[in-house]
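Coordinates in review
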Amino acid sequence: MIKRSLIWLYSAATYLLWAVIILVAAAVLGLRYYVLPGVQQHKDAIAQRSSKEAGQKISIGDIKASWDGMQPQLDLYRVQLFDARDRPALTLDHIETSLSWLSLPLAEPRLARLVIHRPQLSVSRETDGTIYVAGISMSGPSRPEFPNWLLRQSQVDILDAAVIWQDDQRGAPPLELRTLTFRLANPPWESFLGRHRFGLRATPSVGASGPIEIRGNLLGSDVSQLADWRGTIYAKAEGTHLADWSPWISLPIDIRQGFGAAQFWMEFSEARIDTLTANVLLQNLSSRFGRLAQEITLQNLAGRLQWNRLDDGSEFRASKVKLTSGGLQMQDGEFKLVMRNVSGKPRIAGELQLENIGLEPLAAFAVTLPLDAQFAEQLAQAAPRGRLQRLELAWETDAGALSRYTLRSRFNQVGINPFGKVPGFTNLNGSIDASQDGGTLNVDASKSLITAQEALRWPVPVDQLSSQVNWKKRQDLIEVKVSNLALASPHFAGTFNATYRAAGTGLGEIDLNGKITRAEAKQALFY
């Protein structure tokens, strides 16, 4: 029984295969000897069927047929597309088409290749978001049959085109793309899943001195539902002016000036940018980090920049950064800034990692960041100077007030001016590990000067100084412990241990013990 069933199945499959071969052969022979030689007689019928499938009136001036391997090829001349008012909206001098055999099982015209030569197109976006190509609607409330039909074709090429983009939704001036080449690839096995690949190369009228390249992998099937699309787009531009693109592109960072080369990777979904990554090599860049931050100008900037959209805000990262800004020179810097909206109030968190940096130019750069106003004022009063190695800085502000910070670094020849209850000093070497709750400071200094206006009458010169300082802060209470302080100055020398406590607005109290090995009584007025 099973044997007879297998024999019957084999016979049926054999007959079916021969039937398909005969049908395909008949179709090929019919096209080769009947349809294509008389294709001129079917010109109007082809135009009507194309109009029906595209949802737009199409006329064909002339048509010629040939073979491209096993695929029939049609060359169309003087093809006109008409708008909704039956007016010629676009004239194409020459179109090459290679018909796909998938047209038979799918019962609609399918093209293995569509090539459009030297078209001149006007593309616009109306205030309601509707996109028009040569006056023909591509999206929005109108019917999207024609662009959706294009998405189902295996390959579409546009050669040596001139395109003018008019974006009325953004109120932007016209942007012209010259010598444009474009390819849309939709392999059948990917097109069924809504996957599309495209590549574009053109020279814009503004924003770049050379051609730009754009490539993309997209997932979607209906251009009237762009919010359902997602994908990745890559762009490359050399000799570009970044700020000049702002009328047509919403950059996540406020860039006001900048020239150089850049590569971009953008991931999007729901008609919004999710991630924007850029490798940049720029000169004379002017930007602003955050709405409340000051404008910053960078003479040179190289590295990788990344912007991410978050559910309640955004995140900005910079890695392998090399920049020059005034006296600031940074090598292999790492930077992160997260801006959120928590319970209707702004929360900003930042991180900075640097290998070797000068404090004076770093302080000048820091005031351009969205810092707490009080912290920025204290930074200006302290006027730090010297150099830092292996700097790691993190901070967080809530509604403009500093709520958290951590600082780790080694330092050389560091000095600050006194501010508040913090003494000033010069020429200090050592390391620091600090946070809003306390920290540790290891100091080794020579030829230094200490200034404590609330405790000392005059600055005290120091020949040698070494110590470890630990401090804690809880609300208004500050406690500082100085351990193994070895001090030598022109006035005295000795070793000490001390604890300083202060609460509220008073001077506080000091518990000091130690051993003085040398002292000059006449210098006591300093203290």
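Residues numbered from 1 in each chain as written. Predicted model: local features only at pLDDT ≥ 70, side-chain atom pairs only at ≥ 80, totals over all residues. Heavy atoms only, no water.

With that out of the way, let us pick up the overall build of the protein chain. When its secondary structure is counted, the protein chain shows 7 helices and 26 strands. The proportion of buried residues among the 527 residues of the protein chain is 40%. The long-range share in the protein chain, meaning contacts at least 24 apart out of those at least 6 apart in sequence, stands at 47%. In the structure as shown, the protein chain presents an accessible area of about 29,600 Å², 55% of it carried by carbon and sulfur atoms. (Helix = DSSP H or I, 4+ residues; strand = E, 2+ residues; numbered from the N terminus. Buried < 20%, exposed > 50% of the residue type's maximum accessible area, 1.4 Å probe, protein only. Contact = heavy atoms within 4.5 Å. Areas by Shrake-Rupley, 256 points an atom, 1.4 Å probe, with all protein chains shown as cover.)

Counting 49 residues, the largest nonpolar core has Leu 301, Ile 357, Leu 362, Leu 388 and Leu 465 as the members making the most contacts within it. Membership of the second largest hydrophobic core comes to 43 residues, among which are Leu 81, Leu 184, Leu 200 and Ala 237. (Core = buried A, V, L, I, M, F, W, Y, C linked by side-chain atoms within 4.5 Å.)

It is worth spelling out the packing of aromatic side chains at this point. For the structure shown, the criterion picks out 4 aromatic pairs. When the ring of Tyr 234 is compared with that of Trp 265, the centres are 5.4 Å apart and the planes differ by 50°; the resulting orientation is tilted. Of this pair, Tyr 234 sits in strand S12 (residues 230-241) while Trp 265 sits in strand S13 (residues 254-269), placing them 31 residues apart in sequence. An angle of 85° between the planes, with centres 6.2 Å apart, marks the rings of Phe 492 and Phe 496 as edge-to-face. Exposure class is identical for Phe 492 and Phe 496. Each is buried. Seen from the ring of Trp 265, Arg 304 lies directly overhead, with NZ or CZ sitting 5.4 Å from the centre. (Phe/Tyr/Trp six-rings, centres within 6.5 Å; stacked < 30°, edge-to-face > 60°. Lys NZ or Arg CZ within 6 Å of the ring centre and 35° of its normal.)

Counting buried residues along helix H6 (residues 359-366), 6 of its 8 residues qualify, which places the element largely inside the surrounding structure. For H6, the complete set of buried residues consists of Leu 359, Pro 361, Leu 362, Ala 363, Phe 365 and Ala 366. In this structure, the buried residues of H6 make contact with strand S15 (296-310), strand S17 (328-342), strand S18 (345-358), helix H7 (373-382), strand S19 (385-398) and strand S20 (401-416).

A separate point is the pattern of salt bridges. As enumerated under the stated definition, the model contains 17 salt bridges in all. Taking the shortest distance from any N to any O, the salt bridge between Arg 340 and Asp 312 comes out at 2.7 Å. Separated by 28 residues along the polypeptide, Arg 340 in strand S17 and Asp 312 in the loop between S15 and strand S16 (313-325) bring together distant segments of the chain. Since its relative accessible area comes to 36%, Arg 340 is described here as partly exposed. Across the pair Arg 404 and Glu 396 runs a salt bridge whose closest N-O atoms are separated by 3.7 Å. Arg 404 sits in the partly exposed class, given a relative accessible area of 31%. A relative accessible area of 19% means that Glu 396 is categorised as buried. When salt bridges with common partners are traced through the structure, they connect Arg 113, Asp 157 and Arg 183 into a single cluster. (Salt bridge = Lys/Arg side-chain N within 4 Å of Asp/Glu carboxyl O.)

Take the environment of Gln 283 next. Here Gln 283 lies in strand S14 (residues 272-288). As a C-alpha pair, Gln 283 and His 241 span 42 residues in sequence and 9.8 Å in three-dimensional space. When near neighbours in sequence (up to four residues on either side) are disregarded, Gln 283 contacts Gly 258, Phe 259, Leu 298, Gln 299 and Asn 300.

Here Asn 279 shows up in strand S14. As for Asn 279 and Arg 304, which are separated by 25 residues in sequence, their C-alpha atoms are 4.5 Å apart. If sequence neighbours within four positions are ignored, Asn 279 has contacts with Ala 261, Ala 262, Gln 263, Trp 265, Gly 303 and Arg 304. A polar atom in the side chain of Asn 279 sits 2.8 Å from the side chain of Arg 304. (Polar contact = N/O pair within 3.5 Å; in protein donor to acceptor, adjacent residues only side chain to side chain.)

In this structure, Asn 186 sits in the loop between strand S9 (175-185) and helix H5 (188-191). Within the structure, Asn 186 has its side chain in polar contact with the backbone oxygen of Gln 153 (distance 2.8 Å). In terms of polar contacts, Asn 186 uses its side chain to reach the side chain of His 196, at 2.6 Å. With near-sequence residues (within four places) excluded, Asn 186 lies in contact with Leu 150, Leu 151, Gln 153, Ser 154, Ser 191, Arg 195 and His 196.

The sheet contact formed by strand S4 (residues 111-117) and strand S8 (residues 155-167) spans 4 bridges and is parallel. Counted as the bridge partner of His 117 is Leu 159 from S8. Where S8 meets S9, 8 bridges bridge the pair, whose relative direction is antiparallel. Across the sheet, the residue bridging to Ile 158 is Phe 182, located in S9. (Pairing = 2+ DSSP bridges.)

Next up on the list: unusual backbone geometry. At Glu 270, a residue that is not glycine, the phi angle is positive and equals roughly 55°. In this structure, Glu 270 sits in the loop between S13 and S14.

Right, let's get into the confidence of the model for the protein chain. Residues with a pLDDT of 70 or more make up 81% of the protein chain, whose mean pLDDT is 79. Note on residues 15-30: pLDDT under 50 across the span, and 6 contacts to partners over four residues away in sequence or across chains. (pLDDT = per-residue confidence, 0-100.)

On to the environment of Gly 303. Within the fold, Gly 303 resides in strand S15. Taking C-alpha positions, Gly 303 is 4.4 Å from Val 321, a pair spaced 18 residues apart along the chain. Among all residues touching Gly 303, those that are not within four sequence positions of it are Ala 278, Asn 279, Val 280, Ser 319, Lys 320 and Val 321.

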